[in-house]
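Observations on the model geometry
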Amino acid sequence: MKEFLKTFEDCIQWERPPCATACPFNLDVFDFQEKVARGSFMSAYRTYRNAVGFPDIVARLCPAWCQAACPRKTVDTSVRLDLIERACVELVKRKDPTDYNVPVKEQRIAIIGAGPAGLGCALRLASKRYQVVVYEAGSEKGGSLDGLLSPDIYLTDIERQMRHLEIDWRFDQQINTAEELAAENFNAVFVATGQGGNDFGLLTEQPACAIREDRAWFAGGGLTGLEPVAALAQGLAMAWAIEVYLKTDKLEYPKTAEPSRTVVNQHLLTPTPMVEAQSADGIYTDEETIAEAGRCIRCQCDICRTDCDLCRFYNRWPLKIRDEIMSTTMSHESQLNPAPAKRLINTCTQCGLFEERCPASIDLGEMILEARRRLHRQDTMPRAFHQFWLEDMAYANGEWAAVCKPAPAGQAAEVFAAGKGKTKDVFFPGCQMGASAPDLVLYAYRRLLALEPATGIMLRCCGVPVEWAGDDAAFQLEIESLRAEWKSLGQPRMVMACPTCMRMFKRHLPEIPLVSLYEVLVEAEDKASIAGTPVAGASAAGASAVGTSAAGAGTAAEEAVAAAGPAVVHVFDACSARNEAGIQQAVRQLLDSRGYQLSVGEHPEKEACCGYGGQPDVANPEFARFVAKSRIAADPAPFVTYCINCRDIFLGEGKPACHILEIIEKTGKKATEQDRSPALTQGREVLPDLTARRRNRTQLKQNLLKEFWEEIMPEKPREYDYQLQIDPELRKKMDQQKILEDDICKVIDLAEQLDRRIYRPETDSYVCYRELGAISLWVEYRGSGDDREIINIYTHRVKIELEMVYNGRKTDFDLQ
Amino acid sequence: MEEKPTLICSRCQLELEEAEAQFSYLNSSMRHKVKRCPSCGQVYLPESLVTGRMRELEDALEEK
């Protein structure tokens, strides 16, 4: 965890905006603009006065360094902070400072020169009740302000701001040597004699300060070459340096601020014309002031807040998220120790977008993954969050779904006969394609075999669910088992259909050569088109690359498609393939060569996860939907995905979407508008429910073995000798709660075996429950014999403790 | 949601009665009055309880 904490040190969330670091007064621009924007001019004036000391003078003379720093100038014109400040000063009626009751301090400070720097320093020190003596060679305050402004204005402002202060003014008194001040018991001296003035030898020091005879000497302002407003700012800052010396005996010289490192979120910079003052004197009215302040985008690095789904959903800054994660993962026994981020940790999609976009390269995703591991190690991870997916993985890797086969001899007879019986490629479809669309696995494998007969298949899960669940030990076992299977197949190249599996392999099994299925398909089509073989041609109605089924394509259908115009689709790039330019390009080429037009949508660069990644759907279903809906909103065009999970998520939300393989498979068969984009028109109807997904996997294994190896796999024995009647609405509820028919049977089975169920005479139904790992499933059903009509199901995670130990009389434990 | 359904323990053939039961989740345990069989102690939790207060409790404990 420590290494992640370190990366947060570079977070620039609190970095001051560019205008504020350019401003010598350090004006709190956020605070000022916020007050102006809501029309609180008095409040804004106070903020301004506290920063600049003499608002009437600065508002008129400030050269506005902020303008050059404002990022708005890249799209239109910089925010006219100078005009806003000027208007603010004009709009406020009560400018008198507050008289604070501060105890008088003993230290005495001499200030030589009553110009802007000297005045600024005197103002600050005197307001803290230091004893300030100002020596001025002339007979009036103002110094270099004379000639720049009418004395009426600057003298009035100086008089006003210093009204409540006690300052010992010594006019017409030129100080030429340090000795002249020796008699007085000053603790510090500020030399602000103005341009070309006496520097008392301080300008040779670097910086211009020194301790001489137990007295600190500082030089600044016009003397060091600053123009009047900057000199005033330095005078104010010098008061801080003098105070540091008085309190700590250390010499510090005011530093100029480092330029802001903040990164501006470009989408905020929409061109908005600068507000022009309508009055003759060029001063804004209150409305104009508010409008101009509204152009300020309050520069703050918030790329994570707009790009990371997790930060957006929780409406939280990463620093806050960091603190919550740390508090949650600190090992502790007590219930009093707060663990506020348990759900948050299990909500991240692991899309990797945060760390990619963050200018400080903070790796929040990895930190969250590490937090999951910690929760798992501490046994504080709510098991229900990942239970379903771990069981799903176990099934996919189990005897009824997993296949690990070298190239089928029948297909590669000549290769094997030549003694080169080596599997060159192995197709790795991933575990979910076989569950959701088993035909696509068969289709893709046939295609691959046609291209390279020495292609085997490995049908199983890549193990990413255990990684996402934070179970590191189990994950290492998965990796080892994948490596062992790969070796057993003769260390072939793996042809990956799922980008998430591919990312997993790249990260954890770097020795395995990989290629994506889509690149293989494109390469084959390229070769075929060079050779002149008809492939899926320039039009959508072109013959398919498989060629065999193209015969059925009638000319009428082709014309129908031609009339309908090209289909416009949006390629939804999987988050795990964000940096896989080859795959992205391949998929686009496959679509392009089939006559599809590609739509880029409104935010092409913002594509993150579809909501499947990290499997947050149990821990935080609202988040998963929020993410899916955000992606859907990016483009009204139908999505074409190359990850089956993306497709399923979008279809589940009612968005027309299909997998690229569906398009490749259908092209050329019957080139009607419907067939060109099958899932696009049928929508979520093509989605199997969870029970069917498991059955599909078993069926797929049977079909694969039969078709390619002529092996007959035994039927999966039925564990329960009755059928369930479930209406479609209840099936939806089962899917939401991640309940399979098998789970229901397990509940009924136990209840009937032990006769532990509750009878409801009104409905003639039974209610029973059983603990299935981390969840308890309640089932209400009726019927017996061959049929059970399921009336309702519901689940909870709270455990019912020792149900049979009742009033101290029972001690049975027969409810598993 | 239910208008007081009759609930009979199929094993003991007794009507369920209100009684305390012990629950636990994520290292916390609590007691609550629910319908139980007066003889064998079989518990019945209605869906309204499960999706209502119990759900709230789970959510709270998962974030504690």
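Being a predicted model, the structure only gives us computed values, none of them experimental.

1. Digging into the overall build of chain B
- On a plain count of helices and strands, chain B comes out with 1 helix and 4 strands.
- Going from the N terminus to the C terminus, chain B shows its helices and strands as β-β-β-β-α.
- Projected onto the principal axes, the alpha-carbon positions of chain B cover approximately 40 × 25 × 15 Å.
- Look at the contacts in chain B between residues 6 or more apart in sequence, and 32% of them connect residues 24 or more apart.
- As displayed, chain B offers around 3,300 Å² of accessible surface, 47% of which is attributable to carbon and sulfur atoms.

2. Regarding the overall build of chain A
- Helix and strand counts for chain A come out as 35 helices and 21 strands.
- Relative to its full complement of 816 residues, chain A shows a buried share of 56%.
- Taking contacts inside chain A between residues at least 6 apart in sequence as the whole, the part at least 24 apart equals 70%.
- For chain A, the exposed surface amounts to about 35,100 Å²; the carbon and sulfur share of it is 51%.

3. Overview of the pairing of strand 9 (residues 455-459) of chain A
Residues and elements named next belong to chain A.
- The buried count for strand 9 comes to 5 of 5 residues, which makes it a mostly enclosed element.
- The pairing of strand 7 (residues 403-405) with strand 9 spans 3 bridges and is antiparallel. Each bridged residue has a counterpart across the sheet, and for V403 the counterpart in strand 9 is L459.

4. Details of the packing of helix 18 (residues 384-396) of chain A against helix 33 (residues 690-709) of chain A
All names here are of chain A.
- Helix 33 packs onto helix 18 with a crossing angle of 20° between their chain directions and a minimal axis gap of 10 Å. Comparing the axis directions of helix 18 and helix 33 gives the class roughly parallel. Handedness of the helix 18/helix 33 crossing: right-handed. Residue-level inspection shows F388, E391, D392, Y395 and A396 of helix 18 in contact with helix 33, the latter providing L690, R694, R697 and T698.

5. Overview of the side chain of R215 of chain A
Residues and elements named next belong to chain A.
- Following the sequence through the fold, R215 ends up in strand 6 (residues 215-219).
- Here the side chain of R215 touches L181 through a polar contact of 3.1 Å, landing on its backbone oxygen.
- Ignoring any residue separated from it by four or fewer positions in sequence, one finds R215 in contact with L181, A182, E184, N185, F186, N187, A188, V189, A210 and Y245.

6. So, the environment of K141 of chain A
All names here are of chain A.
- Its location among the elements puts K141 in the loop between strand 2 (131-135) and helix 9 (151-161).
- With 121 residues separating them along the chain, K141 and T262 place their C-alpha atoms 40 Å apart.
- When near neighbours in sequence (up to four residues on either side) are disregarded, K141 contacts A114, L119, Y154, L155, I158, E159, W169 and F171.

7. As for the sheet that holds strand 20 (residues 787-796) of chain A
- Sheet architecture is open: 6 strands sit in the order 16(A)-20(A)-19(A)-18(A)-17(A)-1(B), paired in mixed fashion. With one partner strand each, in any of the chains shown, strand 16 (723-725) of chain A together with strand 1 (8-9) of chain B form the two edges of the open sheet.
- Pairing geometry for strand 19 (residues 775-782) of chain A and strand 20 of chain A, over 7 bridges, is antiparallel. By the bridge assignment, V779 of chain A is partnered in strand 20 of chain A with I793 of chain A.

8. Things to note about the interface of chain B and chain A
- With 41 residues of chain B at the contact, the number on the chain A side is 38 residues.
- Where chain B abuts chain A, roughly 3,500 Å² becomes buried across the two surfaces, and 49% of that area is made up of carbon and sulfur atoms.
- For chain B, the biggest contributors to the area lost against chain A are R11, E62 and K64 of chain B; these three give 17% of the whole.
- In this assembly, chain B and chain A are joined by 5 salt bridges.
- D59 of chain B is the salt-bridge partner of R343 of chain A, the closest N and O atoms lying 3.3 Å from each other.
- Among the secondary structure elements, those contributing two or more residues to the side of chain B that touches chain A are strand 1, strand 2 (17-25), strand 3 (28-36), strand 4 (43-44) and helix 1 (47-62) of chain B.
- Element by element, the count of residues in the side of chain B that touches chain A is highest for helix 1 of chain B, at 9 residues.
- In terms of residue class, the side of chain B that touches chain A is built from 21 nonpolar, 9 polar and 11 charged.

9. Remarks on the packing of aromatic side chains
Residues and elements named next belong to chain A.
- Per the counting criterion, the structure on display carries 25 aromatic pairs over all chains.
- Measuring from ring centre to ring centre gives 5.9 Å for Y766 and Y781, while their planes differ by 35°; the resulting arrangement is tilted. Residue Y766 is located in strand 18 (residues 765-772), and its partner Y781 is located in strand 19; the two are separated by 15 residues in the primary sequence.
- Looking at Y781, the relative accessible area reads 0%, which means it is buried.
- Site record: aromatic cluster; members linked through ring pairs are F313, Y314, F623 and F626.
- The ring of F639 is capped by K655, whose NZ or CZ atom sits 4.4 Å from the centre of that ring.

10. Concerning the sheet that holds strand 15 (residues 657-659) of chain A
All names here are of chain A.
- Here we have 4 strands laid out as an open sheet, ordered 13-12-14-15, and parallel in their pairing. The two strands at the open ends of the sheet, each matched to only one other strand, are strand 13 (597-598) and strand 15.
- Here 3 bridges tie strand 12 (residues 568-572) to strand 14 (residues 639-641), and the two strands are oriented parallel to one another. Counted as the bridge partner of F572 is T641 from strand 14.
- Where helix 27 (residues 581-592) meets the sheet, it contacts strand 12, strand 13 and strand 14, and its direction lies at approximately 165° from that of strand 12.

11. Focus on the confidence of the model for chain B
- Residue-level pLDDT values for chain B average 87, and 95% of them are 70 or greater.
- Per the prediction output, this complex has pTM 0.83; the corresponding ipTM is 0.96.

12. Quick word on the pairing of strand 20 of chain A
- Judged by how many residues are buried, strand 20 of chain A sits mostly within the fold: 7 of 10 residues are covered.
- Taking the residues between adjacent antiparallel strands as the criterion, strand 19 of chain A and strand 20 of chain A are bridged by 4 residues, where G783 of chain A takes a positive phi near 105°.

13. Points about the environment of V104 of chain A
All names here are of chain A.
- Locating V104 in the fold gives a position in the loop between helix 7 (81-91) and strand 1 (108-112).
- Measuring from C-alpha to C-alpha, the distance between V104 and A126 comes to 9.3 Å, with 22 residues separating the pair along the chain.
- Excluding residues within four positions of it along the chain, V104 makes contact with R129 and Q131.

14. Some details on unusual backbone geometry
- Omega for the bond connecting Q206 of chain A with P207 of chain A falls within 30 degrees of zero, at -5°, which places this linkage in the cis form.
- Mapped onto the secondary structure, P207 of chain A falls in the loop between strand 4 (188-191) and strand 5 (209-212).
- Phi at Q350 of chain A is positive, roughly 60°, even though this residue is not glycine.
- Structurally, Q350 of chain A is set in the loop between helix 15 (342-345) and helix 16 (353-357).
- Phi is positive for N27 of chain B, which is not a glycine, with a value near 65°.
- Along the chain, the position of N27 of chain B falls in the loop between strand 2 and strand 3.
- The exposure class assigned to N27 of chain B is exposed, which follows from its relative accessible area of 67%.

15. Points about the nonpolar core
Residues and elements named next belong to chain A.
- Of all hydrophobic cores here, the largest spans 97 residues; its most connected members are F427, F505, L517, Y518 and L661.
- No other element matches the 8 residues that helix 21 (residues 438-451) contributes to this core.
- When sequence neighbours within four positions are dropped, the list of residues in contact with F427 reads V441, A444, Y445, L448, T455, G456, I457, M458, V495, A497 and L517.

Rules used in this analysis
Residues numbered from 1 in each chain as written. Chains lettered and ligands numbered in written order. Predicted model: local features only at pLDDT ≥ 70, side-chain atom pairs only at ≥ 80, totals over all residues. Heavy atoms only, no water. Helix = DSSP H or I, 4+ residues; strand = E, 2+ residues; numbered from the N terminus. Contact = heavy atoms within 4.5 Å. Areas by Shrake-Rupley, 256 points an atom, 1.4 Å probe, with all protein chains shown as cover. Buried < 20%, exposed > 50% of the residue type's maximum accessible area, 1.4 Å probe, protein only. Pairing = 2+ DSSP bridges. Axes fitted to C-alpha atoms, helices over the stretch in contact; angles between N-to-C directions. Parallel < 35°, antiparallel > 145°, perpendicular 65-115°, else oblique. Left-handed = near helix turned anticlockwise from the far one by under 90°. Polar contact = N/O pair within 3.5 Å; in protein donor to acceptor, adjacent residues only side chain to side chain. Buried area = accessible area lost by both parts, 1.4 Å probe. Salt bridge = Lys/Arg side-chain N within 4 Å of Asp/Glu carboxyl O. Nonpolar A, V, L, I, M, F, W, Y, C, P; charged D, E, K, R; others polar. Phe/Tyr/Trp six-rings, centres within 6.5 Å; stacked < 30°, edge-to-face > 60°. Lys NZ or Arg CZ within 6 Å of the ring centre and 35° of its normal. pLDDT = per-residue confidence, 0-100. Core = buried A, V, L, I, M, F, W, Y, C linked by side-chain atoms within 4.5 Å.

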